[in-house]
Amino acid sequence: MTKEYAALYVVPTPLGNLADLTRRAEEILRSVPWVAAEDTRHSGPLLKQLGSQARTLPAHQHNEHEAAERIVAKLRAGEAVALISDAGTPGISDPGARVVAAVRAAGCPVVPLPGACAATTALSASGLLDEHFLFYGFLPAKGGQRRQALEELRPHPYALVFYEAPHRVLETVADLATVFGERTLVIARELTKLFESIHSGPLPEALAWLREDANRQRGEFVLLVSGAPAAVDDGEGERVLKLLLGEGLPVKQAAKLAAAISGAAKNALYERALALKKE
Ligand code: SAM
């Protein structure tokens, strides 16, 4: 009789607060014979603390092909493997996707565990009302490429979710302000850790807030930008708005009057007026 293939378990680990490891994740990490880790030295203390006897093998961005082959061989031999990254969910702006693809292609089961992820943790506390979100992860490190990527994202009506490192956060937020104008930025910093903070405001104000204090630029960041405002579909509202702006009325007053005259939604007209001003 042929031995059944064992499963690859994709296991999220805490972002900072160790209590965020789920009971199921603990059980898996204690029971599997192998743990494939992004950084075996980094994950060692966690496994030790759990009393896990698992042997570790490295699976990082520079050896993912080779790691995938080793992992498939273990699974085919009937030995289960848990895949972990340094923090959060493997494969989300982290190594893991190649391993999972190879394991699936080899016909071995992949079992995902739900758990910590900085993007969803930040979104849940963002207060952004967009119905949809687009997870982007890290933007390009070079300014020109970053601004070009942001320009491409500008028309989308989805909340945008970015990861950013502390040494680039200021320049990235400055670019966000240039490209997205008055849209709302949520800065979610050091989630689940001692200095967790979540700041929200129009982009120019959020940029000023970040600049004000160097401590606010430290740690790990998720940056969330509200989606592009819906176009005002009421032709009459837009017509009146343009007329009033053309007469030199301030944005707020023009939007208020255009809403009163046309019956269109004031908020949508206000967002539209800001966009028109920018154009
Ligand atoms: N796989 C991880 C996940 O599921 O969220 C993401 C790994 S990625 C290499 C690391 C980035 O995630 C950081 O640069 C930061 O943008 C974000 N991040 C991780 N931990 C965070 C935290 N505690 N607070 C805010 N952002 C965090």
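Residues numbered from 1 in each chain as written. Predicted model: local features only at pLDDT ≥ 70, side-chain atom pairs only at ≥ 80, totals over all residues. Heavy atoms only, no water.

### Considerations on the domain arrangement of the protein
As a reminder of what qualifies: Bear in mind that the domain bounds are from an automatic or database domain assignment. Contact definition: two residues touch when any of their heavy atoms are within 4.5 Å. Defined in terms of a 1.4 Å probe, buried area is the accessible area two parts forfeit on being brought together, summed over both. Here a salt bridge means any side-chain nitrogen of Lys or Arg lying within 4 Å of a carboxyl oxygen belonging to Asp or Glu. Identification of polar contacts relies on pairs of N or O atoms within 3.5 Å, with a donor-acceptor requirement for protein atoms, meaning one able to donate a hydrogen and the other able to accept it, and with residues adjacent in sequence counted only if both atoms are side-chain atoms. Ten residues, namely Ala, Val, Leu, Ile, Met, Phe, Trp, Tyr, Cys and Pro, are considered nonpolar, four, namely Asp, Glu, Lys and Arg, are considered charged, and the remaining ones, Gly among them, are considered polar.
Partitioning the protein into structural domains gives domain 1 (3-112), domain 2 (118-225) and domain 3 (236-278). With 6 residues of domain 1 at the interface, the matching set in domain 2 holds 9 residues. When domain 1 packs against domain 2, the two sides together hide about 540 Å² of surface, and 63% of this comes from carbon and sulfur. When the buried surface of domain 1 facing domain 2 is broken down by residue, Leu 15, Ile 92 and Ser 93 rank first, second and third, together holding 76% of it. There are 0 salt bridges connecting domain 1 and domain 2. At the junction of domain 1 and domain 2, the tally comes to 2 residue pairs in polar contact (both at pLDDT 80 or more). Of the residues belonging to the side of domain 1 that touches domain 2, the class tally is 2 nonpolar, 3 polar and 1 charged.

### Some remarks on the sheet that holds strand β8 (residues 184-189)
Quick reminder of the rule: Any two strands with at least two DSSP bridges between them are considered paired. Under the DSSP-based scheme used, a helix requires at least four consecutive residues in state H or I and a strand at least two consecutive residues in state E, with every element numbered from the N terminus. Axis definition: a line fitted to C-alpha atoms, over the contacting stretch in the case of helices. Angles run 0 to 180 degrees between N-to-C directions.
Reading across from one edge, β6-β7-β10-β8-β9 is the order of the 5 strands in this open sheet, with mixed pairing throughout. Each edge of the sheet is formed by a strand with only one pairing partner; in this case those strands are β6 (133-138) and β9 (197-202). Taking the axes of each pair of neighbouring strands and ignoring which way they run, one obtains an average angle of 15° across the sheet.

### Regarding the environment of Ala 105
Applied cut-off: For each residue, the accessible area found with a 1.4 Å probe, counting protein chains only, is set against the maximum for its type, and the residue is called buried under 20%, exposed over 50%, and partly exposed in between.
Structurally, Ala 105 can be placed in helix α4 (residues 97-105). A residue is classified by how much of its surface remains accessible, and Ala 105, at 69% relative accessible area, is exposed. With 33 residues separating them in the primary sequence, Ala 105 and Val 72 have C-alpha atoms 9.6 Å apart.

### Considerations on the side chain of Arg 183
You can see Arg 183 is positioned in the loop between α7 (169-180) and β8. Once you skip the residues sitting within four places of it in the chain, Arg 183 turns out to touch Arg 154, His 156, Leu 160, Gly 201, Pro 202, Leu 203, Val 225, Ser 226, Gly 227, Ala 228 and Pro 229.

### Brief notes about the layout of surface pockets
Empty space among the atoms can be located by rolling a probe the size of a water molecule over them. As a reminder of what qualifies: Definitions used throughout: a 1 Å grid over protein atoms alone; a cavity as a set of points that fits a 1.4 Å probe which cannot get out; a pocket as an open set with protein on both sides within 12 Å along at least five of seven lines; a lining residue as one with an atom within 4 Å of a point. Grid points are joined across faces, edges and corners, and a volume is the space filled by probe spheres set on the points.
A volume near 500 Å³ is recorded for the largest pocket. In this structure, the largest pocket is lined by 24 residues; those nearest its centre are Leu 15, Ala 118, Phe 138, Tyr 163 and Glu 220. Taken together, the elements giving at least two residues each to the lining of the largest pocket come down to β7 (159-164) and β10 (221-225). Of the residues that constitute the lining of the largest pocket, the class distribution is 13 nonpolar, 4 polar and 7 charged.

### Here we look at the site of the ligand
Put simply, the rule is: Only heavy atoms are used to decide nearness, and a residue is near a molecule or strand if one of them lies within 4 Å of it. Using a 1.4 Å probe, accessible areas were evaluated by the Shrake-Rupley method; residue-level cover was limited to the displayed protein chains.
Surveying the vicinity of the ligand reveals 19 residues, the closest of which are Thr 89, Ile 92, Asp 94, Tyr 163 and Phe 221. Between a nitrogen atom of the ligand and a main-chain N or O atom of Ile 92, the distance comes to 2.8 Å. Here a nitrogen atom of the ligand and a backbone polar atom of Leu 191 are 2.8 Å apart. Here the ligand loses 91% of its free accessible area of 570 Å² to cover by the protein chains. Counting only elements with at least two residues in the shell around the ligand, the list comes to β7 and β10. Taken together, the residues of the shell around the ligand sort by class into 11 nonpolar, 3 polar and 5 charged.

### Section: the side chain of Thr 13
Among the secondary structure elements, Thr 13 is positioned in the loop between β1 (8-10) and α1 (23-31). Here the side chain of Thr 13 touches Ser 85 through a polar contact of 3.4 Å, landing on its backbone oxygen. When neighbours within four sequence positions are excluded, Thr 13 is seen to be in contact with Leu 21, Leu 46, Ile 84, Ser 85, Asp 86, Ala 87, Gly 88 and Ala 116.

### Topic: the sheet that holds strand β2 (residues 34-37)
Two modes of strand pairing occur in sheets, parallel and antiparallel, and in both the strands are linked by backbone hydrogen bonds. Here we have 5 strands laid out as an open sheet, ordered β3-β2-β4-β1-β5, and parallel in their pairing. Both edges of this open sheet fall to β3 (55-58) and β5 (110-112), since each of them pairs with a single strand only. Mean inter-strand twist for the sheet, computed between neighbouring axes without regard to direction, equals 25°. Looking at chain direction, β1 and β5 are connected through 3 bridges and run parallel. Its bridge partner being in β5, Val 10 is matched across the sheet by Pro 112.

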